[in-house]
Amino acid sequence: MLKPTIGLEIHFEGKTKSKMFCSCLNNPEEKEPNKNVCPICLAHPGALPTINKEAIEKIILAGLALNCEIQNYSRFDRKSYFYPDLPKGYQISQFDFPICKKGHLDIHLDNGETKRIRINRIHMEEDTARLSHEGGSTLVDFNRSGVPLMELVTEADIHSAEEAKKFAQELQLILKYSDISGANMEKGQMRCEVNISLSETEELGTKVEVKNLNSFKAVEKSIEYEIKRQKELIENGESVKQETRGWHDTKQITMEQRSKEDSFEYRYFPEPDLPPLNISNEEIESLRVKLVELPNQKRKRFKEEFDLDDKSIEFYINEPDLANYFEKSVSELDCWKRDKDCMKDGSIKLCSNYIITDLQSLIKNDSDFDKIDKKITPENFAELISMIEKEEVSSNIAKVILTEMYNTQGDPSNILKEKGLSAITDDSEIEKIINEVISENAKAVEDYKGGKDNSFMFLLGQVMAKSKGKINPQKAEELLKKII
Ligand code: ZN
Ligand code: MN
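Please read these numbers as outputs of a predicted model, since none were measured by experiment.

S.K.: It is not clear to me how the overall build of the chain should be interpreted in this structure. Could you clarify?
M.R.: Across its full length, the chain holds 17 helices and 16 strands. For 484 residues, the compact-globule estimate of 2.2 N^0.38 gives 23 Å, and the chain exceeds it by more than 25% at 30 Å. On the principal axes, the C-alpha backbone points of the chain span a range of 90 × 55 × 50 Å. The proportion of buried residues among the 484 residues of the chain is 48%. Of the contacts formed within the chain by residues at least 6 apart in sequence, a portion of 67% connects residues at least 24 apart.

Next comes the structure, spelled out in structure tokens:
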């Protein structure tokens, strides 16, 4: 059977104040073209680069977060090639002495398995200018020229489109958590390339490289497409050509870009304008303590501390602002304050469910997630959860109160009083409402007695509506049955 073997090369831009080799601002949001430029990043002859310390710290952090060995000795090299977005005629990169080597990342597959993907290296380089093609001419914007760029290369440990996509997604989470890169794929802050070959034996088949993958979907679809294309070629007795292909997102196919014959000879040699890097163990250790809690650690802790289901945990892993809010709210719950053991109590799950469903749908967009505690304090949110838990409010009323809390930043018990939303718990008051409904709907009562179950649901609905949802539905059903 033909088995696919896949390797990934992923570039990501460093989130630093200034560019890699000059003091120009590294601002990916800059709209005005060629604003953040100087003789160094414009490639004027004779301009001398200097190394950005913050960028080196970011790549070391990336290496540590990805379990790499950080090299004490490392250096920059010139990678020569011609392209209009690179007027120097070479990119400053790293060839045989990258900063990070031999790492790994554990990914979680849909079938529940965890798989370790080894990382060959992560090296430091610079981004190129950005070209835009407009009305038959091409414009060059140098704002991106010289922005710190890190390149990660995996071992060929990946064997499916799902594994490749999961690796890229997990990497993006780590880069965002650690503030190493914005890692936004639509904005080009993170870019993927895949190598795919098919073989029946241990020996690898002919490798095809696919470029221009600007979304996780493109990573997945291009691999699926290549596996199918190469399989058909091999099964028809034809051979797979070693080449570079591009992903065509509209057509959902890969297309030939260049064959092996016109592949570049980069003529790498040590960059004479920059000293080699000597990174001491002390520096490495001082960065290791700056590592934040990473997604895999958070998954484990959320399971142990809060006993949430995997789907909820994955939600919080992808929405760290709401995860923080969840944790703050839990710490305000009565049971948590009492003995920190809320496990047997349903409050934690209730709290989580209200965040994932109701609270999330109230918030307009992702960028507001980090400001949610200004709208509804975790203390007030926890209070509402306790009110639901103690059945002081029904779930319908809780939704009304939550919306009001969001709009007015109010306290739930005040809103409850002001709006007269308190639950009706007195049986005689409930019976009074039921009797009214019965006398107003004589026909439905007859129908129900004649065997129409639907009529009972109709009557129950009338009771709930008349009470404005302030009666516990089970209670209403019980009393209605009794009275009829
Ligand atoms: Zn510059
Ligand atoms: Mn590169």
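S.K.: Would you take a moment to explain helix α9 (residues 347–362) for this structure?
M.R.: Helical periodicity: at 3.6 residues per turn, an α-helix aligns residues three or four positions apart in one direction. In this model α9 runs 21 Å from its N-terminal to its C-terminal C-alpha over 16 residues, within 8% of the 22 Å that 1.5 Å per residue would give. The largest bend in α9 is about 40°, located at Ile355. If you check which residues of α9 are buried, you get Ser347, Ile348, Cys351, Ser352, Tyr354, Ile355, Ile356, Asp358, Leu359 and Leu362.

S.K.: Any chance you could explain empty space enclosed by the protein here in plain terms?
M.R.: Summed over all chains, the structure comprises one cavity of 30 Å³ or more. Roughly 90 Å³ of internal volume is contained in the largest cavity. If you trace the largest cavity, you find 14 residues lining it, with Cys41, Leu86, Lys88, Glu126 and Ser145 closest to the centre. When the residues that make up the lining of the largest cavity are grouped by side-chain class, the tally is seven nonpolar, three polar and four charged.

S.K.: Which parts of the structure should I look at to understand the coordination of the zinc ion (ligand 1)?
M.R.: Six octahedrally arranged donors around a metal ideally form angles of 90 or 180 degrees; four tetrahedrally arranged donors ideally form angles of 109.5 degrees. The coordination sphere of the zinc ion (ligand 1), as far as protein atoms go, consists of Cys22 (SG), Cys24 (SG), Cys38 (SG) and Cys41 (SG), spread over 2.3 to 2.4 Å. Classification of the site at the zinc ion (ligand 1) rests on its four donor atoms, whose angles at the metal span 100 to 115°, yielding the label tetrahedral. If you list the donors of the zinc ion (ligand 1) from N- to C-terminus, the spacing comes out as C-x1-C-x13-C-x2-C. In this pair, Cys24 is assigned in the loop between β1 (3–13) and α1 (53–65) and Cys41 in the loop between β1 and α1, connecting sequence segments 17 residues apart.

S.K.: When you look at the sheet that holds strand β4 (residues 77–80) in this model, what are you seeing that I'm missing?
M.R.: Two pairing modes exist for strands in a sheet, parallel and antiparallel, and in both the strands are linked by backbone hydrogen bonds. Across the sheet, which stays open at both edges, the three strands sit in the order β5-β4-β15 with antiparallel pairing between neighbours. The sheet terminates laterally at β5 (90–93) and β15 (269–270), the two strands that pair on one side only.

S.K.: Hey, could you run me through the state of the cysteines in this one?
M.R.: What we call a disulfide is simply a covalent bond connecting the sulfur atoms of a pair of cysteines. Enumeration according to the criterion identifies zero disulfides in this entry. The closest cysteine sulfur to the non-disulfide-bonded Cys100 is located on Cys68, 5.1 Å from its own sulfur.

S.K.: Before we go on, may I ask you to explain unusual backbone geometry in this structure?
M.R.: Trans peptide bonds make up the majority, and among non-glycine residues the majority have a negative phi. Here the phi dihedral of Asp179 falls at roughly 60°; this positive angle occurs in a residue that is not glycine. Turning to its location among the elements, Asp179 is positioned in the loop between α2 (161–177) and β11 (190–199). One non-glycine residue, Gln252, lies in positive phi territory at about 60°. Relative to the helices and strands, Gln252 is located in the loop between β13 (243–248) and β14 (253–259).

S.K.: Before we go on, may I ask you to explain the coordination of the manganese ion (ligand 2) in this structure?
M.R.: For the manganese ion (ligand 2), every protein donor is listed as His11 (NE2), Glu125 (OE) and Glu151 (OE), and the spread of their distances is 2.0 to 2.2 Å. Between consecutive donor residues of the manganese ion (ligand 2), the sequence gaps follow H-x113-E-x25-E. Highlighted residues: His11 in strand β1 and Glu125 in strand β7 (residues 114–126), separated in sequence by 114 residues. Accessibility assignment for this pair places His11 and Glu125 in one class, buried.

S.K.: Where do I start with the domain arrangement of the chain in this structure?
M.R.: Quoted interface sizes are often the accessible area lost when the parts come together. According to the domain assignment, the chain consists of domain 1 (3–288), domain 2 (295–418) and domain 3 (427–483). Taking only C-alpha atoms, the centre of domain 1 and the centre of domain 3 are 66 Å apart.

S.K.: Just to check I follow, could you spell out the nonpolar core for this structure?
M.R.: One broad rule of soluble globular proteins: the nonpolar side chains tend to lie buried together. Residues Ile99, Ile122, Phe167 and Met190 are the most contacted members of the largest nonpolar core, which totals 61 residues. Residue contributions to this core peak at eight residues, all from α1. Here Met190 is in contact with Ile10, His11, Phe12, Ala168, Leu171, Gln172, Leu175, Ala183, Asn184, Met185 and Phe216, once residues within four sequence places are set aside. With 43 residues, the next largest nonpolar core counts Tyr316, Val330, Ile388 and Ile415 among its residues.

S.K.: Help me out: how do you make sense of the sheet that holds strand β12 (residues 208–213) in this one?
M.R.: Here we have nine strands laid out as an open sheet, ordered β2-β6-β7-β10-β1-β11-β12-β13-β14, and mixed in their pairing. The sheet terminates laterally at β2 (69–70) and β14, the two strands that pair on one side only. Note: β11 against β12, four bridges, orientation antiparallel. Counted as the bridge partner of Cys192 is Leu213 from β12. Across the sheet, α1 lies against β2, β6 (100–108), β7 and β10 (148–154), angled at about 170° from β7, the strand it touches most.

S.K.: Looking at this model, I keep getting lost on the side chain of Asp106. Mind explaining?
M.R.: With respect to the secondary-structure elements, Asp106 resides in strand β6. Setting aside residues up to four positions removed in sequence, Asp106 forms contacts with Thr114, Lys115, Arg116, Glu170 and Asn296.

S.K.: What am I meant to see in the side chain of Arg78 here?
M.R.: Tracing the sequence through the fold places Arg78 in strand β4. Side-chain polar atoms of Arg78 contact the side chain of Tyr90, separated by 3.2 Å. Apart from residues no more than four positions distant in its own chain, Arg78 is found in contact with Tyr90, Gln91, Tyr266, Arg267, Tyr268, Phe269, Glu271, Pro272 and Asp273.

S.K.: Teacher, can you tell me more about the packing of α2 against helix α5 (residues 295–306) here?
M.R.: Between two packed helices, both the angle of their axes relative to each other and the distance between the axes serve to describe the pair. Put simply, α2 and α5 touch, their axes get as near as 9 Å, and they point 90° apart. On the basis of their axis angle, the class for α2 and α5 is roughly perpendicular. Taking contact as the criterion, the partners of Glu170, Leu173, Ile174 and Tyr177 in α2 are, on α5, Pro295, Asn296, Lys298 and Arg299. Of the residues assigned to the contact of α2 with α5, the class counts are four nonpolar, one polar and three charged.

S.K.: Just to check I follow, could you spell out the packing of helix α6 (residues 310–318) against α9 for this structure?
M.R.: In the contact formed by α6 and α9, the axes pass within 10 Å of each other and the chain directions differ by 55°. Considering their axes alone, α6 and α9 lie oblique with respect to each other. Considering how the two elements wind past one another, α6 and α9 form a crossing that is left-handed. For the pair formed by α6 and α9, the contact residues are Ser312, Phe315 and Tyr316 on the first element and Ser352, Ile355, Ile356 and Gln360 on the second. Taken together, the residues of the contact of α6 with α9 break down into four nonpolar, three polar and no charged.

The rules behind each value
Residues numbered from 1 in each chain as written. Chains lettered and ligands numbered in written order. Predicted model: local features only at pLDDT ≥ 70, side-chain atom pairs only at ≥ 80, totals over all residues. Heavy atoms only, no water. Helix = DSSP H or I, 4+ residues; strand = E, 2+ residues; numbered from the N terminus. Rg over C-alpha atoms; globule rule 2.2 N^0.38 Å. Buried < 20%, exposed > 50% of the residue type's maximum accessible area, 1.4 Å probe, protein only. Contact = heavy atoms within 4.5 Å. Expected span 1.5 Å × (residues − 1). Bend = angle between axes of the 7 residues up to and from the residue. 1 Å grid on protein atoms, 1.4 Å probe; cavity = no way out; pocket = protein on both sides within 12 Å on 5 of 7 lines; lining within 4 Å. Points joined across faces, edges and corners; volume = space filled by probe spheres on them. Nonpolar A, V, L, I, M, F, W, Y, C, P; charged D, E, K, R; others polar. Donors = N, O, S within 2.8 Å, 3.2 Å for Na, K, Ca; no water. Tetrahedral: all angles 85-135°; square planar, octahedral: opposite > 155°, others 65-115°. Pairing = 2+ DSSP bridges. Disulfide = S-S within 2.5 Å. Domains from an automatic or database assignment. Core = buried A, V, L, I, M, F, W, Y, C linked by side-chain atoms within 4.5 Å. Axes fitted to C-alpha atoms, helices over the stretch in contact; angles between N-to-C directions. Polar contact = N/O pair within 3.5 Å; in protein donor to acceptor, adjacent residues only side chain to side chain. Parallel < 35°, antiparallel > 145°, perpendicular 65-115°, else oblique. Left-handed = near helix turned anticlockwise from the far one by under 90°.

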